[in-house]
Amino acid sequence: MFVIARNNTDAVVYFDGSLSSDVENNPLQFSWFADDSINAFATGVVATNVLSVGAHSIILVVSDGMDTGTNRIIVNVITAGQAVEKLIAIVNDSALSRKDTHPLLATLNAASAAFDRGNPTPGINQLEAFQNKVRAQISPGDPALAETFTQAAQIII
């Protein structure tokens, strides 16, 4: 799971344990732990936590007072620049020719550089330009690929 840190430092991450259940319908207690801490950062069915850039192990412990179950996920908090780098990798891995990818990659590299400098507005503008190029150049021949590129850019925006 990836979450983008808009400020290049940290992100508020939302967690939801509402799909947990008990066969006897006993009331459940929820405890959320981050990065092997012995202290829970939250105790409700829904929780939030601010996580710094990097990988974080999140453990949900659910108890009905008799039995306990756990679920563990890894949350990767990445910068917007890192998210753009992932999109660049997707474009590079596509079946498009180098001629077709060059203008797309130039726009994405400009977006990544802007985000890395801490300038989100030009980064967003470059991602919007990328989406326009995808619609004009890729969509007529490969609408599914165009949709993949456009949605990935929109998530970053």
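Residues numbered from 1 in each chain as written. Predicted model: local features only at pLDDT ≥ 70, side-chain atom pairs only at ≥ 80, totals over all residues. Heavy atoms only, no water.

(A) Broad picture of helix H1 (residues 80-93). Given a rise of 1.5 Å per residue, 14 residues ought to cover 20 Å, and the 20 Å separating the end C-alpha atoms of H1 matches this to within 8%. Residues of H1 that are buried include every one of Ala80, Gly81, Ala83, Val84, Leu87, Ile88 and Val91, and no others. With its buried residues spanning 155° around the axis, H1 presents them on a single face. (Helix = DSSP H or I, 4+ residues; strand = E, 2+ residues; numbered from the N terminus. Expected span 1.5 Å × (residues − 1). Buried < 20%, exposed > 50% of the residue type's maximum accessible area, 1.4 Å probe, protein only. Arc of directions from axis to C-beta.)

(B) Spotlight on helix H4 (residues 143-156). Helix length check: H4 (14 residues) gives 20 Å between terminal C-alpha atoms against 20 Å at 1.5 Å per residue, within 8%. Among all positions in H4, only Leu145, Ala146, Phe149, Thr150, Ala152, Ala153 and Ile156 are buried. Angular distribution of buried residues about the axis of H4 spans 160°; they occupy a single face of the element. In H4, the exposed positions that point more than 90 degrees away from the buried face belong to Pro143, Ala144 and Ile155. As for H4, its buried residues are in contact with strand S1 (2-5), H1, helix H2 (98-116) and helix H3 (120-138). (Contact = heavy atoms within 4.5 Å.)

(C) How the structure looks around the packing of aromatic side chains. Scanning the model with the defined rule gives 3 aromatic pairs in all. Plain terms: the ring middles of Phe130 and Phe149 are 6.2 Å apart, the flat faces sit at 45° to each other, and that makes the pair tilted. With Phe130 in helix H3 and Phe149 in helix H4, this pair connects stretches of sequence that are 19 residues apart. Owing to a relative accessible area of 0%, Phe130 belongs among the buried residues under this scheme. On the basis of relative accessibility, which here comes to 0%, the residue Phe149 falls in the buried class. Grouped by ring-pair contacts, the aromatic residues Phe15, Trp32 and Phe41 constitute a single cluster. (Phe/Tyr/Trp six-rings, centres within 6.5 Å; stacked < 30°, edge-to-face > 60°.)

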